[in-house]
Amino acid sequence: MRREFLKYLLEMPFLWLGIAILAGLIFIGDTITDLEIAFAVLYVSVILISVYSGRTGAIAFVGVACGVLTVVSYFLTRHGASQAGLVNSTLSLLAIGATTYLAIRIERLDARARLAQSELARMSRLMIVGELGTSIAHEVSQPITAIAANGNAALRWLSATPADQDEARRAIERIVMDAGRAGDVIGRVRGLVARSAPSRDRIDLIEAITDVLELVRSEIRKSQILLRTELASDLPLVTGDRVQVQQVILNLIMNAIEALTEVDAEARELLVSAAADESKITVSVRDSGIGVPLATLDTIFDAFHTTKPNGMGMGLAISRSIIEAHGGTVYAAPNFPHGTVFGFTLPLDAKVRG
Ligand SMILES: Nc1ncnc2c1ncn2[C@@H]1O[C@H](COP(=O)(O)OP(=O)(O)OP(=O)(O)O)[C@@H](O)[C@H]1O
Ligand SMILES: [Mg+2]
């Protein structure tokens, strides 16, 4: 208890020195003036100053000390009518008591507000860390899934009689490509954490889209999806982070595949297109899948919005942040007569924000 008290004193020496001097002056004034003057009411100011200490214990201590000084000076004051003195001292004590009570309450509310604020700061830090973790897992899990699938395919080709070495070699080449992509993604994420700017590659979107389609080819075939592409042959290059833009295309196509597996096999159609006008390139992924309720289209890009049992709801959120960092926009609209079209635009003079 005494050590606590000393700690208070040492933390804010000038505050306590000021309080002691003021209380001393009031005590002297209260003692030498006659009892008809309620000098002790001035102790209220001392208590209010003690609120700066930010400690309810210290405020209570100052309040009690002021009360004690008031009583002591009542007995030390010799002259004046004692009846009026008694009334004045009682009034002063009431004022001191009420002020102390209110000051303690104010301090309690303040402390609660400070606590809420720091809790809020802690929670938003946690959310950022959590989102980052989720996005790392998300970005890396797709190439790893593809690696596993191609590994299995290679094993099958090799154990077939006769073994098909060409197909096995192609599957292994895809594995090497995916491993490289996973490595790239990890490098990018590390860059993101280190707040380095995304790289500024000259991206040929046709090539980027074709690469991604190569990745999902077996998935599309397995799901019996009819794939069409409409890629304008003379697309200008855009500036940006190639791996990130491919990640977006992959996210949109994976979502489309997942939406298509929910409908009858005869009705599964996927159209990937890219076209340019004077100011931008538009890439769109159009599916005839289960579609998105109109009311949901507005919030579909929000993080953690998912309708899939194993979904994280991060794919579209990450895609939007990547595209916006490239100065582009994302959009989603119903497809006619079934399904959805998701797409993005990239400005032709893309400036990548760091
Ligand atoms: N092409 C689509 N057709 C129908 N619904 C879609 C389509 N694309 C996205 N959605 C809906 O939007 C939701 C959010 O998509 P998003 O890709 O962000 O998350 P997810 O696919 O659920 O999980 P993950 O983080 O693994 O990608 C999906 O759960 C799905 O309900
Ligand atoms: Mg998704």
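The name given to the protein chain in an unreviewed UniProt entry is histidine kinase, with the source organism recorded as Rhizobium lusitanum. Among the UniProt annotations of the protein chain, the heading Catalytic activity (unreviewed entry) holds the following wording: "ATP + protein L-histidine = ADP + protein N-phospho-L-histidine."

Draft legend 1. Structural detail: the packing of helix H2 (residues 13–32) against helix H3 (residues 43–50). It is the contact of H2 with H3, at a shortest axis distance of 9 Å, that shows an interaxial angle of 170°. One way to sum up the angle between H2 and H3 is to call them roughly antiparallel. In this structure, H2 contributes Leu15, Ile19, Leu22, Ala23, Ile26 and Phe27 to the contact, and H3 contributes Tyr43, Ser45, Val46, Ile49 and Ser50. The residue inventory of the contact of H2 with H3, partitioned by class, reads nine nonpolar, two polar and no charged.

Draft legend 2. Representation of unusual backbone geometry in the model. A cis amide bond links threonine 161 with the next residue in sequence, proline 162, at an omega value of -5°. If you trace the backbone, proline 162 turns up in the loop between helix H5 (82–159) and helix H6 (165–193). Cis peptide bonds are those with omega within 30 degrees of zero, and the linkage from phenylalanine 336 to proline 337 qualifies with -5°. Examined against the element boundaries, proline 337 turns out to sit in the loop between strand E6 (329–334) and strand E7 (340–347). In this model, glutamine 224 sits at a positive phi of 55°, which is unusual for a non-glycine residue. In this structure, glutamine 224 sits in the loop between helix H7 (205–222) and strand E2 (226–231).

Draft legend 3. How the structure looks around the site of ligand 1. Taken together, the neighbourhood of ligand 1 is formed by 21 residues, with Asn255, Thr306, Thr307, Lys308 and Leu316 sitting nearest. Between asparagine 255 and ligand 1, the recorded distance is 2.7 Å, taken from a side-chain N or O atom to an oxygen atom. Threonine 340 is positioned with one of its side-chain polar atoms (N or O) 3.5 Å from a nitrogen atom of ligand 1. Calculation on ligand 1 without its partners gives an accessible area of 590 Å², and the protein chains cover 91% of this total. At the level of elements, helix H8 (242–260), helix H9 (315–325) and E7 are the ones that each hand at least two residues to the shell around ligand 1.

Draft legend 4. Main features of the pattern of salt bridges. Under the counting rule described, the total for this entry stands at 10 salt bridges. As a salt-bridge pair, arginine 181 and aspartate 178 come within 3.7 Å of each other at their nearest N and O atoms. One end of the pair, arginine 181, and the other, aspartate 178, are both in helix H6, three residues apart, so they sit about a helical turn from each other. Where aspartate 277 meets lysine 280, a salt bridge forms, and the shortest distance between an N and an O atom there is 2.8 Å. Relative accessible area serves as the criterion here: at 33%, aspartate 277 is assigned to the partly exposed category. Salt bridges here are not isolated pairs; linked through shared partners, they connect Glu207, Asp211 and Arg242.

Draft legend 5. Structural context of the pairing of strand E4 (residues 269–276). In terms of strand pairing, E2 meets E4 through six bridges, oriented parallel. Residue pairing for E4: leucine 227 is matched across the bridge by leucine 270. Two strands pair when backbone bridges link them, and E4 and strand E5 (residues 280–287) are joined in this way by seven bridges, in the antiparallel orientation. When the sheet's bridge partners are listed, valine 272 is paired in E5 with valine 285. If you look at the hairpin formed by E4 and E5, you'll find three residues sitting between the two strands.

Draft legend 6. Looking closely at the packing of aromatic side chains. For the structure on display, the rule yields two aromatic pairs. Where tyrosine 74 meets phenylalanine 75, the ring centres are 5.2 Å apart and the plane angle is 75°; that geometry is what we call edge-to-face. Look at tyrosine 74 and you get buried, because its relative accessible area is 19%. Residue class for phenylalanine 75 comes out exposed when judged on its relative accessible area of 64%. Look at phenylalanine 301 and phenylalanine 342: their rings are 6.0 Å apart centre to centre, the planes differ by 70°, and that puts the pair in the edge-to-face class. Of this pair, phenylalanine 301 sits in the loop between E5 and H9 while phenylalanine 342 sits in strand E7, and the two are 41 residues apart along the sequence. For phenylalanine 342, a relative accessible area of 9% puts it in the buried group.

About the criteria used
Residues numbered from 1 in each chain as written. Chains lettered and ligands numbered in written order. Predicted model: local features only at pLDDT ≥ 70, side-chain atom pairs only at ≥ 80, totals over all residues. Heavy atoms only, no water. UniProt positions renumbered as here; feature names shortened; annotations may be inferred. Axes fitted to C-alpha atoms, helices over the stretch in contact; angles between N-to-C directions. Helix = DSSP H or I, 4+ residues; strand = E, 2+ residues; numbered from the N terminus. Parallel < 35°, antiparallel > 145°, perpendicular 65-115°, else oblique. Contact = heavy atoms within 4.5 Å. Nonpolar A, V, L, I, M, F, W, Y, C, P; charged D, E, K, R; others polar. Near = heavy atom within 4 Å. Polar contact = N/O pair within 3.5 Å; in protein donor to acceptor, adjacent residues only side chain to side chain. Areas by Shrake-Rupley, 256 points an atom, 1.4 Å probe, with all protein chains shown as cover. Salt bridge = Lys/Arg side-chain N within 4 Å of Asp/Glu carboxyl O. Buried < 20%, exposed > 50% of the residue type's maximum accessible area, 1.4 Å probe, protein only. Pairing = 2+ DSSP bridges. Phe/Tyr/Trp six-rings, centres within 6.5 Å; stacked < 30°, edge-to-face > 60°.

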